[in-house]
Amino acid sequence: MIEGGCLCGDVRYAITGALADVQVCHCQSCQKAQGGPFATNIPVDRACFEWRRGEARIRDYESSPGKHRLFCGRCGSPLISRRDATPQAVRVRAGTLDHAPEAHIASQAFTAQAVPWWPPRADAPCFAGPRPKARK
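All figures in this text were calculated on a predicted structure; none of them were measured in a lab.

Along its length, the chain carries one helix and ten strands. Ordering the α and β elements of the chain from the N terminus gives β-β-β-α-β-β-β-β-β-β-β. For 136 residues, the compact-globule estimate of 2.2 N^0.38 gives 14 Å, and the chain sits close to it at 14 Å. Counting only C-alpha atoms, the chain reaches 40 × 30 × 30 Å along its principal axes. Long-range contacts, defined here as pairs at least 24 residues apart, represent 51% of the contacts in the chain between residues at least 6 apart. Accessible area of the chain: about 8,100 Å², with a carbon and sulfur share of 53%. Taken together, the 19 basic and 12 acidic charged side chains of the chain have centroids lying 6 Å from each other.

Applying the stated rule across the entire model yields four aromatic pairs. With a centroid separation of 5.8 Å and 65° between ring planes, the pair formed by F38 and W118 is classed as edge-to-face. Here the residue F38 occupies a position in the loop between α1 (28-34) and β4 (39-45), and W118 occupies one in the segment after β10 (105-109), the gap between them amounting to 80 residues. Grouped by ring-pair contacts, the aromatic residues Y13, F49 and W51 constitute a single cluster.

What follows covers the side chain of S107. Within the secondary structure, S107 sits in strand β10. Polar contacts involving the side chain of S107 include one to the side chain of R131, which spans 2.5 Å. Excluding residues that lie within four positions of it along the chain, S107 makes contacts with V22, Q23, V24, P125, F127 and R131.

Bridge count between strand β6 (residues 58-64) and strand β7 (residues 67-72): six bridges; the pairing is antiparallel. Paired with S64 across the bridge in β7 is K67. Two successive antiparallel strands, β6 and β7, enclose a turn made up of two residues, where G66 displays a positive phi of approximately 85°.

Turning next to the side chain of N41. Mapped onto the fold, N41 is located in strand β4. Once residues within four sequence positions are removed from consideration, N41 is found in contact with D21, V22, Q23, C25, R91, V92 and R93.

What follows is about the sheet that holds strand β2 (residues 12-15). Spatially, the three strands line up as an open sheet ordered β1-β2-β5, and their pairing is antiparallel. The open sheet has two free edges, formed respectively by β1 (2-5) and β5 (49-53), since each of these has just one partner strand. Neighbouring strand axes in the sheet, compared pairwise and without regard to direction, differ in orientation by 30° on average. Where β1 and β2 come together, four bridges link them in antiparallel fashion. Along β2, the bridge assignment pairs G4 with Y13.

Glancing now at the sheet that holds strand β9 (residues 89-93). With respect to topology, seven strands assemble into an open sheet ordered β6-β7-β8-β9-β4-β3-β10, the strand pairing being mixed. Strands with a single pairing partner mark the edges of an open sheet, and in this sheet they are β6 and β10. Sheet twist, expressed as the average angle between the axes of neighbouring strands with direction ignored, equals 30°. Alignment of β4 against β9, held across five bridges, turns out to be antiparallel. Bridge pairing in β9 links P43 to R91.

Thresholds applied
Residues numbered from 1 in each chain as written. Predicted model: local features only at pLDDT ≥ 70, side-chain atom pairs only at ≥ 80, totals over all residues. Heavy atoms only, no water. Helix = DSSP H or I, 4+ residues; strand = E, 2+ residues; numbered from the N terminus. Rg over C-alpha atoms; globule rule 2.2 N^0.38 Å. Contact = heavy atoms within 4.5 Å. Areas by Shrake-Rupley, 256 points an atom, 1.4 Å probe, with all protein chains shown as cover. Lys, Arg positive; Asp, Glu negative; His and termini not counted. Charge placed at Lys NZ, Arg CZ, Asp CG, Glu CD. Phe/Tyr/Trp six-rings, centres within 6.5 Å; stacked < 30°, edge-to-face > 60°. Polar contact = N/O pair within 3.5 Å; in protein donor to acceptor, adjacent residues only side chain to side chain. Pairing = 2+ DSSP bridges. Axes fitted to C-alpha atoms, helices over the stretch in contact; angles between N-to-C directions.

Okay, structure coming up:
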């Protein structure tokens, strides 16, 4: 079991199963939402994710059509994002985990929008725009 939560501790969650590698997003929307040069996301199957405490504190902001960013209404910590088009998945903000996972950077998206003072890492696949969809 992997656990995490917000800065103030009001909202807690748990993840069952192994974590996927981290996906980094450099788009301007993620920069604004995170208050930093990029977002660090871990895709998680919705069936493996559960809110443990504080669900009433969670606020949902639809940052673009069909994309929702969920955060603590008390301290503002970004917790997950979800898309209407893929209800079976959430993207957990890696910095909200209680313990840093043994993970690698799987990919970096929207590198064309990266800030000049924190360039994308050269040791992970980079995409100027969105990450290509996985083939089935």
